[in-house]
Amino acid sequence: MAFLLAFYLVPVGLLLLQSVEGGSLAAYDKALTDGLYVGVLLDTMLIAAYVSIVCLLLGYPVAYFLAAAPAPWPTVGIIFVLLPFWTSILVRTYGWMILLGRNGIINRLLLESGLISAPFPLLNNMTGVLIGMVHVLLPYMVFPIYAVMRRVDTGLVSAAEGLGAPGWQIFRRVYFPLTLPGVLAGVTLVYILSIGFFITPALLGGGKVIMIAVLIEMQVRQFLNWSFAAALSAVLLAATLLVYLVLRRLFRSDLQWS
Amino acid sequence: MPKLERITVGAILAALALYSAPVAYGQAEPPKPAQIVVNDSGGAMQNAMRAAFYAEFEKRYGIKVVNTSPVDLGKLQAMVKSDNIEWAVTEIGGQDAILAEKFGLFEPLDLKVIDLSNYPKHLQNRKSVFPKGVYSTVMGYRTDVFKEGSRPKTWAEFWDVQKFPGPRTMQNAPIDNLEFALLADGVTPDKLYPIDVDRAFKKLDQIKKHVAVWWTTGAQSAQVLIDKEAVLGTAWNGRYYVLIDQGAPIAIEWNQGVMKESSFGIPKGAKDAYWGQKFLSLVAEAKAQGVYANIIGYPGLNLEAIKFTDAKLIPFLPTSPENFPKQWWTDLAWWADNGPAVTERWSRWMLQK
């Protein structure tokens, strides 16, 4: 608790204090009414939502595999999920640039095999940003779900089978609801981390995808306008908390229903 | 409360005593620290700085130079504001340097220690920003796409997508690009400032959909040409030089390139400020600048340095007798005043479909 106070609450308090420098709310007025900042904030939240959904769709089966596969496979799988996790984000981002480019490995393979006649625009647009971000954030989805899946009582699944429920029904009404806490944790983590993303979107989006962290960084480092940067950060923090509360609400009522 | 007040007064007196202490010692050389910290831009730069300046400083004064990176105006302000200064000297971009001087983040330069007499006349009377070197934002192109005789040579031709087709790359920032747009629109370099921002954005509208990549980092600007994401682009000259030196099919067009100063400053209140001045006096020397340029391809501004520079390198320096007159200087003061508003407009423009 003291740790949280010293390294989180106090700095956030100072930040909020800075955002109302001179007792004026001008910084908030601009952050909340200027089309640029509001628009980029909404874009950022939308991108974070896309990334969370894609991560969930990809991560859930992987987590299931890790939890259910026989002996050596879970260990092997975990290594494969963790390996990129330990590589620098910048290196991975440049790696994607080589793979996804107009003359990148993927496009060249597709072109030479005659599957497509013109290169797919995979890089320097939203597609590139999503691929890069999902790749970085996937482990944050897989591990919380995996941890919950391992604790699921398989007796319940057997019981449902014994009672004659078809596979889909078992998944929908028994197994999936039991893993929901993991899904909530994973989605929350991925969503919150996505919102603050910075270098990956700047490089893989070719400059055409702007996220709010980029604008905040600009105010901090380029223009030294710290009170406005603080106001933008406070708005971002509030928006994030709001989404978190909504997510919790949504999932909790779901949990009760099951 | 009186107790608190007494403590405060005591603290202020103690602080004043500490503050005036160095003055009492007069001009005597302060004790040598074991090391000083110089903040540089890292990467390939730090190797060149090590070889040209740090090693020499260590040899001359017996003080170890520890280098950190990256260069960060925000961090500089945070250090000065909190009076917790790690650096004796920091590198700083030209535009940021003007802002830093305006915000009082630098110690004044001691021009009795730092000899600028071999520098261009307009740089000799610096207050607190030390002119470290010069770089140029230039046009670069793939030589396998554009042959000699049929290649763009001006910004007007860079804009001409009919005659010179192919994806472009430009920096994701308004600086340089607004000027390039105006030059493409027929404005002459001496009439660029104050920038007609509306006119520049209107001209940029024409090229926008032909720019495949708006680059963010220096490394990216050159990589984009190597990967053929673009065949024509802009970059800082040293970025192209490194790749040309390795045999990449890339060439530089110096015509209408824009020069900017890169700088050094001593953070306000730095405890090693005295040694910071000594360090800058070493950086100002012609020979050290020659060694530096030979490694990294960026020249210093001591005009004598060219004597110590490799002949094969000279065509790639913005200050070479052939390249220098083809280029012009950014008005950094205009950018320091207008940067925030214009950059905001740039972001808005970038989001328009």
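Residues numbered from 1 in each chain as written. Chains lettered and ligands numbered in written order. Predicted model: local features only at pLDDT ≥ 70, side-chain atom pairs only at ≥ 80, totals over all residues. Heavy atoms only, no water.

Q: For this particular structure, what's the right way to read the interface of chain B and chain A?
A: Frequently, the measure chosen for interface size is the accessible area removed from exposure when the parts meet. Contact residues are listed per partner, giving 32 residues for chain B and 30 residues for chain A. At the boundary of chain B and chain A, one finds three salt bridges. The interface formed by chain B and chain A contains 12 residue pairs in polar contact (both at pLDDT 80 or more). Sorting the residues of the side of chain B that touches chain A by element identifies α3 (73-82), α4 (94-102), β6 (211-215), α8 (218-226) and α12 (332-351) of chain B as the ones contributing at least two each. In terms of residue class, the side of chain B that touches chain A is built from 15 nonpolar, nine polar and eight charged. (Contact = heavy atoms within 4.5 Å. Salt bridge = Lys/Arg side-chain N within 4 Å of Asp/Glu carboxyl O. Polar contact = N/O pair within 3.5 Å; in protein donor to acceptor, adjacent residues only side chain to side chain. Helix = DSSP H or I, 4+ residues; strand = E, 2+ residues; numbered from the N terminus. Nonpolar A, V, L, I, M, F, W, Y, C, P; charged D, E, K, R; others polar.)

Q: Can you help me understand the environment of A:Gln18 in this one?
A: Position of A:Gln18 among the secondary structure elements: in helix α1 (residues 2-19). As a C-alpha pair, A:Gln18 and A:Ala68 span 50 residues in sequence and 51 Å in three-dimensional space. Beyond its immediate sequence surroundings of up to four residues, A:Gln18 is in contact with A:Trp226, A:Ser227, A:Ala230 and B:Lys81.

Q: Is there a simple way to think about a nonpolar patch on the surface in this case?
A: All names here are of chain A. The grouping of Met1, Leu4, Leu5, Tyr8, Leu9, Val10, Leu14, Leu17, Leu237 and Leu241 at the surface amounts to a nonpolar patch, some 990 Å² of accessible area in total. Mapped by element, the contributors of at least two residues to the nonpolar patch are α1 and α12 (226-257). Per-element accounting of the nonpolar patch gives the leading share, seven residues, to α1. (Patch = residues over 30% accessible without salt bridge, like charges linked within 9 Å, V, L, I, M, F, W, Y side chains within 5 Å. Areas by Shrake-Rupley, 256 points an atom, 1.4 Å probe, with all protein chains shown as cover.)

Q: Honestly, α3(B) in this entry has me stumped. Any pointers?
A: A turn of α-helix holds 3.6 residues, and therefore any two residues three or four places apart point the same way. Residue and element names in this part refer to chain B. Turning to α3, its buried residues number three or more, namely Leu73, Gly74, Leu76, Gln77, Met79 and Val80. Where α3 begins, the capping side chain belongs to Asp72, and its oxygen is found 2.9 Å from the backbone nitrogen of Gly74. Just past α3, the residue Asp83 takes up positive phi, approximately 55 degrees. (Buried < 20%, exposed > 50% of the residue type's maximum accessible area, 1.4 Å probe, protein only.)

Q: I'm lost on α8(B) in this one. Help?
A: Listed as buried for α8(B) are B:Gly218, B:Gln220, B:Ser221, B:Ala222, B:Val224 and B:Leu225. B:Lys228, located one to two residues past α8(B), shows a positive phi value of around 60 degrees.

Q: Explain the pairing of β6(B) to me, please; I cannot follow it from the model alone.
A: Residues and elements named next belong to chain B. For β6, a buried count of four out of five residues is recorded, marking the element as mostly surrounded by other parts of the structure. In this structure, strand β5 (residues 168-171) lies alongside β6, joined through four bridges in parallel fashion. Residue pairing for β6: Arg168 is matched across the bridge by Val211. (Pairing = 2+ DSSP bridges.)

Q: Sorry, what's going on with the nonpolar core here?
A: Residues B:Trp159 and B:Leu204 are the most contacted members of the largest nonpolar core, which totals 95 residues. The leading source of residues in this core is helix α3 (residues 35-68) of chain A, at 12 residues. Residues contacting B:Leu204, with those up to four places away along its chain left out, are B:Trp159, B:Asn177, B:Leu178, B:Ala181, B:Trp346 and B:Trp349. With 55 residues, the next largest nonpolar core counts B:Ala48, B:Ile92, B:Ala97 and B:Phe264 among its residues. (Core = buried A, V, L, I, M, F, W, Y, C linked by side-chain atoms within 4.5 Å.)

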